[in-house]
Amino acid sequence: MIGNDGTGDEEPLFRPYAMTGGRAEPRYHLALETLVSSSFVTDEELALLTPEQDAIMRLCRSFRSVAEISALLRVPLGVARVLVADMADEGLVRLHQPQLEKGQPDLDMLERVLSGLRRL
């Protein structure tokens, strides 16, 4: 969602709040590690998607985290959360929330995140 104006500096084509209708918070909490997958939609439904929704649908053909969606679309995390939550409400994507036992994070997942961060 970033454009190039020919000067070598990348600038947003439009403000992120324009993509979310001015909302900064999703209707419900989405963790960074929440996995998102595309639902089946008909060709007629695909034709009605916004460019951002279409991009998310394509990305989520395989499981993607909310953080990955934000990074790959080059939009702020808050914008990605709002877009994904709206799409989930419309039945366009399925959310796979992490199952936390007794409020404690999954140590295996944290190890994988740490390993991924080290590879960056």
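Everything here concerns the structure above.
Notes on the structure follow.

Rules behind the numbers
Residues numbered from 1 in each chain as written. Predicted model: local features only at pLDDT ≥ 70, side-chain atom pairs only at ≥ 80, totals over all residues. Heavy atoms only, no water. Pairing = 2+ DSSP bridges. Helix = DSSP H or I, 4+ residues; strand = E, 2+ residues; numbered from the N terminus. Buried < 20%, exposed > 50% of the residue type's maximum accessible area, 1.4 Å probe, protein only. Contact = heavy atoms within 4.5 Å. Axes fitted to C-alpha atoms, helices over the stretch in contact; angles between N-to-C directions. Parallel < 35°, antiparallel > 145°, perpendicular 65-115°, else oblique. Nonpolar A, V, L, I, M, F, W, Y, C, P; charged D, E, K, R; others polar. Core = buried A, V, L, I, M, F, W, Y, C linked by side-chain atoms within 4.5 Å. Patch = residues over 30% accessible without salt bridge, like charges linked within 9 Å, V, L, I, M, F, W, Y side chains within 5 Å. Areas by Shrake-Rupley, 256 points an atom, 1.4 Å probe, with all protein chains shown as cover. Salt bridge = Lys/Arg side-chain N within 4 Å of Asp/Glu carboxyl O.

Re the pairing of strand 3 (residues 35-38)
Here comes step 1: In terms of strand pairing, strand 3 meets strand 4 (residues 64-65) through 2 bridges, oriented antiparallel. Pairing of Val36 across the sheet is with Arg64, part of strand 4.
Here comes step 2: When strand 3 meets strand 5 (residues 93-96), the two strands line up antiparallel, connected through 4 bridges. By the bridge assignment for strand 5, Val36 is matched with Leu95.

Description of the environment of Leu83
Here comes step 1: Mapped onto the fold, Leu83 is located in helix 5 (residues 77-89).
Here comes step 2: Judged by relative accessible area, Leu83 falls into the buried class, the value being 8%.
Here comes step 3: In this structure, the C-alpha to C-alpha distance between Leu83 and Gln53, residues 30 residues apart in sequence, is 7.4 Å.

Some details on the sheet that holds strand 5
Here comes step 1: What the 3 strands build is an open sheet, ordered 4-3-5; its pairing is antiparallel. On the outer flanks of this sheet lie strand 4 and strand 5, each paired with one strand and no other.
Here comes step 2: Here helix 5 sits on the sheet and contacts strand 3 and strand 5; the angle it forms with strand 5, its principal contact strand, is near 110°.

A few points about the packing of helix 3 (residues 51-59) against helix 5
Here comes step 1: Packing of helix 3 against helix 5 leaves a shortest axis separation of 11 Å and a crossing angle of 80°. One way to sum up the angle between helix 3 and helix 5 is to call them roughly perpendicular. Contacts between helix 3 and helix 5 pair Glu52, Gln53, Ile56 and Met57 from the former with Leu83, Val84 and Met87 from the latter.
Here comes step 2: Partitioned by chemical class, the residues of the contact of helix 3 with helix 5 number 5 nonpolar, 1 polar and 1 charged.

Remarks on the nonpolar core
Here comes step 1: With 22 residues, the main nonpolar core has Val36, Ile56, Met57, Ile69, Leu73, Val84 and Val93 as its most contacted residues.
Here comes step 2: Where this core is concerned, the elements lending two or more residues are helix 3, helix 4 (66-73) and helix 5.
Here comes step 3: It is helix 5 that provides the largest number of residues to this core, a total of 7 residues.
Here comes step 4: Residue contacts for Val93: discarding those within four places in its chain leaves Val36, Ser37, Ser38, Ser39, Ile56, Met57, Val84, Met87 and Ala88.

Description of a nonpolar patch on the surface
Here comes step 1: A surface patch of nonpolar side chains, about 340 Å² in accessible area, is lined by Val113, Leu117 and Leu120.
Here comes step 2: Along the polypeptide, Leu117 turns up in helix 6 (residues 107-119).

Here's the deal with unusual backbone geometry
Here comes step 1: The phi dihedral of Arg74 is positive, around 60°, even though this residue is not glycine.
Here comes step 2: Tracing the backbone shows Arg74 in the loop between helix 4 and helix 5.

Side note on the pattern of salt bridges
Here comes step 1: Per the stated rule, a full pass over the model turns up 1 salt bridge.
Here comes step 2: With a shortest N-O distance of 3.0 Å, Asp54 and Arg58 are connected by a salt bridge. Pair noted here: Asp54 and Arg58 are both in helix 3, with a separation of 4 residues, about one helical turn.
Here comes step 3: For Asp54, a relative accessible area of 23% puts it in the partly exposed group.
Here comes step 4: For Arg58, a relative accessible area of 48% translates into the label partly exposed.

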